[in-house]
Every structure is written in C-alpha cells, then in structure tokens.
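# Fold and geometry: a report
Each chain, letter by letter, is given below.
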Amino acid sequence: MNESMDGGWSGGEGFRDYLARRGVTRRDFLSFCGRMAVLFGAASLPGGGRAFAKDVAERLSGAKRPSVIYLQLQECTGCVESLLRSGSSPVDRLVLEQISLDYNELLMAPSGTAAEEVLKEAEGRPHLLLVNGSVPLNADGAYCTIGGDSALNVLKRAAQKASAVIAVGACAEYGCVQAASPNLTGAVGVSDVITDRPVVNISGCPPIAETITATLTYYLAYGHPPPLDGNGRPLFAYGQRIHDKCPRRASFDAGQFADSFDDDNARQGHCLYRLGCKGPATFAPCATVEWNMGQSFPIKAGHPCLGCTERHFYDRMTPFYDRLPGFMVPGLGVEATANTIGIAAVAASVGGVAVHSAATVIAKKRAKKARPETLPLAVLGDTEKREEQDKKT
Amino acid sequence: MASERIVIDPITRIEGHLRIELEADNGRIGDAWACATQFRGIERVLQGRDPRDAWAFAQRICGVCTGVHAIASIRAVEDAIKCKIPPCAELIRNLVSGMATLQDHVMHFYHLHALDWVDVMSALKADPAATSRLAASVSPWPNNSATWYAEVQKRVAASAAGGLGIFSGGYWGHPAYRLPPEANLMALAHYLEALSWQRDIIRLHTIFAGKNPHPNYLVGGMACSINLNNQITVNQVRLDEMAGMIDQAKRFVLEVYYPDVLAIASFYPDYAAIGASSPNLMATGESAWSCSGAPAGGVFPAALLMDGNYGTAHPFDPKKLAEFVSSAWYSQPEGDRQGLHPWQGQTEPHYTGPKPPFKELSDRPKYTWCKAPRYDGRAVQVGPNARIMVAVAQGHAETVQLAKEGLGKLRAGIEALNSTLGRTYCRALESVILARRMDQWFAQLNERIKSGDTATFNKERWEPSTWPKQAQGMGFMEAARGTLSHWIEIENGRIVRYQAVVPSTWNSSGRDPGGQRGPYEEALAGGGKHPLLDAKRPLEVLRTIHSFDPCISCAVHVLVPGGGGVEVKVR
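Residues numbered from 1 in each chain as written. Chains lettered and ligands numbered in written order. Predicted model: local features only at pLDDT ≥ 70, side-chain atom pairs only at ≥ 80, totals over all residues.

## Details of the overall build of chain A
A count of helical and extended segments in chain A gives 18 helices and 9 strands. For chain A, the residues scored as buried account for 53% of the 393 residues in total. Across chain A, contacts joining residues at least 24 apart in sequence account for 71% of those joining residues at least 6 apart. (Helix = DSSP H or I, 4+ residues; strand = E, 2+ residues; numbered from the N terminus. Buried ≥ 20, exposed ≤ 12 C-beta atoms within 10 Å, placed from the backbone. Contact = placed C-beta atoms within 7 Å.)

## Structural notes on the pairing of strand β2 (residues 18-25) of chain B
Residue and element names in this part refer to chain B. Counting buried positions along β2 gives 6 out of 8 residues, so the element sits mostly inside the fold. With 3 bridges joining them, strand β1 (residues 6-8) and β2 adopt antiparallel strand pairing. Bridge assignment links Ile6 to a residue of β2, and that residue is Leu22. Here β2 pairs with strand β3 (residues 28-36) via 8 bridges, running antiparallel. Paired with Leu22 across the strands is Ala32, a residue of β3. (Pairing = 2+ DSSP bridges.)

## Re the interface of chain A and chain B
Of the residues lining the interface, 102 residues belong to chain A; the matching set on chain B comes to 105 residues. Looking at the side of chain A that touches chain B element by element, the count peaks at 6 residues for helix α7 (residues 112-124) of chain A. Classifying every residue of the side of chain A that touches chain B gives 54 nonpolar, 32 polar and 16 charged. (Nonpolar A, V, L, I, M, F, W, Y, C, P; charged D, E, K, R; others polar.)

## Remarks on the environment of Gly302(A)
Looking at the secondary structure, you find Gly302(A) in the loop between α15 (264-267) and α16 (313-316). Once the C-alpha coordinates of Gly302(A) and Leu83(A) are considered, the two residues, 219 residues apart in sequence, prove to be 24 Å apart. Apart from the residues within four sequence positions on either side, Gly302(A) is in contact with Ala266(A), Ala223(B), Cys224(B) and Ser225(B).

## Topic: the nonpolar core
Soluble globular proteins tend to pack their nonpolar side chains together in the buried interior. Residue and element names in this part refer to chain A. Residues Leu129, Val131, Leu155 and Val165 are the most contacted members of the largest nonpolar core, which totals 297 residues. Structurally, this core is a two-domain feature, drawing no fewer than three residues from each of domain 2 (67-224 + 375-392) and domain 3 (242-353). Every residue in contact with Leu129, bar those within four places of it in the chain, is listed here: Ile69, Ala158, Ala159, Ala162, Ala164, Val165 and Ile166. (Core = buried A, V, L, I, M, F, W, Y, C linked by C-beta atoms within 7 Å. Domains from an automatic or database assignment.)

## Section: the sheet that holds β2(B)
All names here are of chain B. Reading across from one edge, β1-β2-β3 is the order of the 3 strands in this open sheet, with antiparallel pairing throughout. Each of the sheet's edge strands pairs with one partner strand only, and the pair in question is β1 and β3. With strand direction ignored, the average angle separating the axes of adjacent strands in the sheet is 20 degrees. (Axes fitted to C-alpha atoms, helices over the stretch in contact; angles between N-to-C directions.)

## Remarks on the confidence of the model for chain B
All names here are of chain B. The share of residues in chain B with pLDDT of 70 or more is 94%, and the mean pLDDT across the chain is 93. Segment residues 558-571 is flagged for pLDDT under 50; beyond a separation of four residues in sequence, or across chains, it makes 35 contacts in the model. In the predicted complex, the global pTM is 0.89; the interface-specific ipTM is 0.95. (pLDDT = per-residue confidence, 0-100.)

## Focus: the pairing of strand β10 (residues 372-375) of chain B
Residues and elements named next belong to chain B. Alternating residues of β10 divide into Ala372 and Arg374 and Pro373 and Tyr375, and every residue in both groups is buried. Inspection of the sheet shows strand β7 (residues 321-324) paired to β10 by 4 bridges, in the antiparallel sense. Paired with Ala322 across the bridge in β10 is Arg374.

## Some remarks on the sheet that holds strand β3 (residues 127-132) of chain A
Residue and element names in this part refer to chain A. Strand order in the open sheet made by the 5 strands is β2-β1-β3-β7-β9, with parallel pairing throughout. The sheet terminates laterally at β2 (100-103) and β9 (199-202), the two strands that pair on one side only. Strand-to-strand, the axes of this sheet are offset by a mean angle of 30 degrees, without reference to chain direction. Across 4 bridges, strand β7 (residues 162-168) lies against β9 in parallel orientation. Of the residues in β9, the one forming a bridge with Ile166 is Val200. On the sheet, α7 packs against β1 (67-72), β2 and β3 and is oriented at approximately 120 degrees with respect to β2. The strands touched by helix α8 (residues 151-160) within the sheet are β1, β3 and β7, with β1 carrying the most contacts at an inclination of about 165 degrees.

Take a look at the structure:
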C-alpha cells in the first residue's frame, strides 16, 4: 500500500484529481474506497461498509496536503517539542489532515538509507521547508552532519525547490546559544546562507507552539507569508512588546515592584522589572497567546522575561537578573516613582513605536524587493501562476 | 578495516544527530560504532558568565529532556555558594521534574520507539471490534470501543491515501514485526492519544515555571510565589488545575502506557535476551531528587552494580569518574590515554575526521563528538533499567514488588532487565512508581501551604557579595535518561569552569583507550548475536538503540579550559 500511495502524488493536488490524471474514473475511485472498507473490516461497523466507503471517498476527494520538509540542524529539538504542544493546530491534525510531513527526523518512521530516499524524493517535489537549528560554518561543517554531509549542504539541497523557507526558533534565525560568544562552531542562521529568497523567522527559544503552527496554516490559507517585521518575523506574533500587554503592567505604571523573588510585592503579583525582566524590550506574543494552550507565561508565573525572541539575547540580555539599563529613574518615593515611571514608560513606548515604525519600513522595503505576498506557491498547486509570474519578471 | 561498513545515518526518532556504523555477517552484527555528529560548545559559552544565569544556558543543551540540565545547574551553583532552598521550592522542583520525566517516558515509547514494534500499515487491516476486545482485556481505559478504533483506523487510512507523511519509507511488512493487526491498531490509537495527553499534562510546568519547553528555574528556589489570595500567583485555581493534570498523567501511565508495554513485550520475548549491554549499571537513587552536592542518603542511596553481579550494590563515589577522548574529536594536554575527572579537564574540540561529505567515520580511531566517561575504568549503563536494578539490589520494596510482577508476566529473571526489552520495560515500570510519587509530593505541598509555609525562595545567598571568592559545586539529577551531573567553579562571582557529565554521554560513548566499547556499541556487538536481517531496513538495530532513548545533543559537550587559578581538588 505504501508503495503505490507514496509515489506520484505530489500533495499539490487533491487525491481525486491525482487519480483522474492517472486515468482513474469516479466509478473506479468509489470502488477503490469500497475495497478499502472491506480491507479495514468496516462491514462489521455501525453503518456498515457502504457508509465507511462514502466517508473515505469524501475525505480523499478533498485531500490537499502540501508536502513539508522539516529539517533539524544544529539545535536541541526544543522547537519541534514546542510544535507538539500546539493547541490551535494539534499536531495529530497537522500531520494527518493538514500537511504531509514527509521528512522530520524526530517523528518519521525510517532511518538511514530509507530516510535519505524519502528526503531526496521530497526535495524534488514542491514543498514548504521548515528549519530548526543553526548552520555551523567552521571545520568545513563537521560540527553538524546528517547522512555524512554538512548541515549547510543538507539545507541548501532542501531549499532549492522549496516554495517557502521558514526558520523556526532562535537557532535557525541567527544561531542562538551556540552562536553566543565565543561561537566556537561558527553557527549562523538560515537567512545567512539562504540569501536568494525571503526567509520567515519565527523567533524564540523556543517559539510558542501556536506561532509556529499559525505561520504554517497562514501559508496554507493565503498562499503567502503573513506580513513581517524588519527581522522577518510575523507581525501577528512579534508586532508588540510583551510589556504592552503584560498583566503586571499596571504595577509597573504605579511603581509597584518586587525587589526580591517571593517578597511581599512578588506575592501581590507586582512588576518584575527590578528583578531583570526584559519584557519592555522584547517583541513577543507571550502575554497574549501565552504558553501551552494559553495556560500562562514566564512573567505571569513570577519569573522575569529573558528576552528570548530578540536576536543574540544570550549576549545582549545578560546578566538575566540585571535591570534593563536606562529605563527609569530609581530611588524616589512611591508617588514620585509612579509619576516618573509613567513618563519614562511613555517615552519608552514612543521609542518603541519609533523603532517599530523603522522596522516596518525595512520590512516593507524587503517585502517589495522579494514580493513574498505575490509569490504563488507551487506547493499549493499554484504552478501555473508561478510560471506566469516568472515570465513577467 | 577493509570491509565496507553498514552505515545508518540519520538514526531518526531520537534527539540530536546519531550515526551507527556496523559490521554484520549472516544476519548477525559483528561490531558497532556509535558516532555523535553534532557539537555546539555550550559549556564554553558559559565561561565568564553570572552563575545565576547558567541554568538558562545549560538548559538549552536539550529541549527534549528540557529542565534536567537547568536543575542540575542550579544545584551545582547552590552547592558552590552554600544556598539552602525552602521545602516548598524543593517540592515544586520535584513535581516539575517528575512531570517532565513522565511526559518524556510516554512520548519516548509512543512517538520515538513504538514504530519499531508496531506496523502502522498492518493496523489498517485490524478488526475494530476485535481490537476493542483486546484492549478491554488488558486495561480499563475508557477509549476502547469498536467505534473509537474504527474512527482512528479511518482517519489514518484517509490520511495515508493523501500521502504517508511521517510514515513514508517505514519498514512496514518487515518480517521482524510480529504484532497482530489488532495490537498494532491499539498502539496506533494510543500513539495519537498520547499526543494530546502530553500537551495537557505538561501545563503543570507552565503554572510553576512559565512555559514548556524550557521552563524557568531560579537559584535559591522557584520564582512562582504562592498566595491563595491573589489572582496571578499560585492560588487555589492553579492548584486545582494541577491536581487534574497529575491525575490525568497517572491514569494514562497506569491504564495505557504500562499495559501497552507489557502487551507488546509479550510478542517479543526474545528481545529480553537481545541487546544486553555493559554489565555495570549506575544510579544516584532517590537522594538525587533532593540534593545539592554529592548524592547521599535517601530511601535507596546512590550505588552501582558491577561486573554483572546484580545482587550487590556498591556505594557511589564521585571521585571515580573519568572521561576519555581517545575516540572523540578533542585534544587535551595530558594526551589521549589519560582520563580526566570533571574538575580537571582542559579539553578542546579538534576535528580530525574526514571532510563532509564522507562515507565512513569508524575507520579512524576518533569517530565521534561524544567523550567516553568511565567509572573506575568501567563503561557504565545509566537510565531507567539502572535505576530499577539498583533499587531492587537495595531491596526497595515497591520497586521489588512491581519488577517481580512484570518479570513474572514476561517469564524472565532480573538479568533480563539488561536487554533491549528490559530498558524499554523499566522505563514504563518506573513511570508507575513516579506517577504515585507525584501524588505524594503534591499532597506534601498542599500540607505545607495549609500550615502557612509558602516560601519558595531563599534570598540569603542571592547577592554575589555573599559568596566565597572561590567556590566549587556539583549538582546531581536522575534525569529521564539516567544519572546527570553538572560541575561548576566560580571565582569572583563569575564562572571559570563548567562541566556536564550527561546520561547519553555514558550510554552513547565510543571506545576508551583500553578498547572497551560504549554501552550502545556493546548492546549491538557485545554477544555477536544481535540480529540484522536486512541492512537497508535495520529495524532490529533501531529497537536496541531506541531502547536507550538517545539524546545526542546532551551527550556532546566540552570542558571549559583553564582553571583560572582555582586549586583543583576532588572531594
């Protein structure tokens, strides 16, 4: 069964359409579904084999599951683990109904030669490419090899025919912890080595599950990436600072701060700014989407934000428990502090807006250059439009 | 070696990048080499940083066993700066670690290991009504109706018709698959159920530690304040939610995971005699659940079984650890024959293998990024089977009773726990014990809260001005995959040396200077009898390698060079 089903059908077309292309009539198709019903012993079920066959036929006719290759390069697997926690697109629905996850080393059945063959076949078809992990450039790439080849070569081959490239997590974005000083392995991000097309960055160490799956489903729904900021990050997730939506924000504005973990102020749920919280400088959806199906997020649970969606946070946001510099004037009375902080916060917000506007301009410039919104995706069966596009340009 | 070697790369359904090279003849494995093919250098990154930040760096060694490196790290720091944490913080850490281990074990079995035993395509031929009867005969789990199994079957069949996706290229129909279609369907249904179970139960991390993967920890305690009269702190709403999660976790372990492992094992009894590895097993025991510094005391103390004598537990002595680099791509001033204690190493990455792309690694003396830790000169297995066997040797009543029951059902003796099936079975067995322990820890936490003791943080040693100018510390942890230890040296408030000795390093290590194989290699090549029917579809090898639950990002690490003038002393 795997032999006949696995070859030929590209995932860019409905299963029914594929069969039609192969000269299979509707009658043959229904008969096939009936045979499947027998094969599965469905006749003994409530509703009997006929209902089962009809159900299978309906599901198969509409099947359009784009092929996805999900590479894991130099990394810790935390980003795939995060994806598995998605509540908005549960992973079983994702891999069984929404995409055909043709290559992912954490989940796939085969190893070795068989895995390499699957990858080779998938690379030759239109596909979406998701990447976890960085690319180590030192020592000719020996710091991360897969199937005896360097992460760089593996990535380049998989990217060649990819309809879109999505870098998932801080390692794939810029190298994350292994790129922190002294970066022994020369780790860089995907967009540092795939330079001929836009790369979408889903920031975070790891990113929240739903930001990964929603970026993917956005592609599937609209055929182009969601609008991005200057670092290639989707605005729906990275358009605002955590600080802007933080449940402890009122305490910040009122000058109510925890001065030590678990002190009286911490127990009252007051602001963690003085304990080193990086929320005021971090663009991320932690306070809105929250983690693990909206359960909570670090600041809500009492720990300062580490700023893990910002580039090079292991060097730029550390020491983690030191205050963000230049953000307020400390050492005044409560009333004065509240006022001062109110002003400082406004100033910071204005600064944030200014920075953010600049980022948007850069994003627009990039977008214009690459026109990601208008690039039709072969993986969604949009090959004709793509050809037209290519002719025009 | 002139003969061409069989190469399996990538080994999938593991964490990290692992390559296995083999020699095989007449369907039997003659020799084996385990090659870790990724290096990141995180311990080196830690040099010069604030020790209170170390957990957040060390944690990123691995996102699957997320949390264990953070715990070991903060314990090492707390040991160095002499910080005691409040009882509530200890209980919260145990609950967080316990839930992580339960989640890790269940996901390992269903999502990383099951496809070695379960033929997904055969499941599509099962009779749902017969599957329902089979399921009801092994467990009271309520999702066992014919309608439910038919739905799962239909769903996977419809999906397979639209592309096999993660099941593409699987070894379906391989003669080494032995389950009847109904058992395959039952396991496949539980594969899918475990996917939703894991994301529900792990929310205990989110409440106590903000997120998962990579929850937040804190030197001196935990950052989550407990206040029953506040909206944002740990209050009754959160406690109620977590009681539900602990219950849900326990029920799945008792009614799905454990019975499934026993049911599937009964079709593969020969694997209780396949994959025997190094006859030395180490566990730091229950004491490692609540300690900083060297593990001591507890219901069953840290110990080793040595040289195949599974009845005698030898006390654990941290001075007897040494790591070798004779098969790994590192250089050290002492030369390759010298093993170094974690306090002593000055190791540098030094790649001497072929330039990628390459065909073979094991034709040279150095073939992996994984160093070779040894205890008193011996290669040592760590992990669930080591923990269970050490506990049995020490007469831990609960463990003895469960192991007796399980081994009775499998008609095997204690030595069978050192096997492919034994490692997989022990993971399920200790999940049962751990699920019960979760109830106890949670009850203790609630008792503390009731008594008015809600402190989660000790601030006495937070400021670096309160620390000694120079300090050394070690932190132990029984992680899902085995004994983990972190070793730190602090000088003037900064890290000058950091080292992690990791479970998968013990297990996936290569040869030491004496030519002794590491445990993965020994499990495949030790008796010369490990089966391998078809080199292109190495299902049997995957069974044995997966039985260790490899975590290769964890396994590979490097010592920070230079002691910065700190006197090296072994305690």
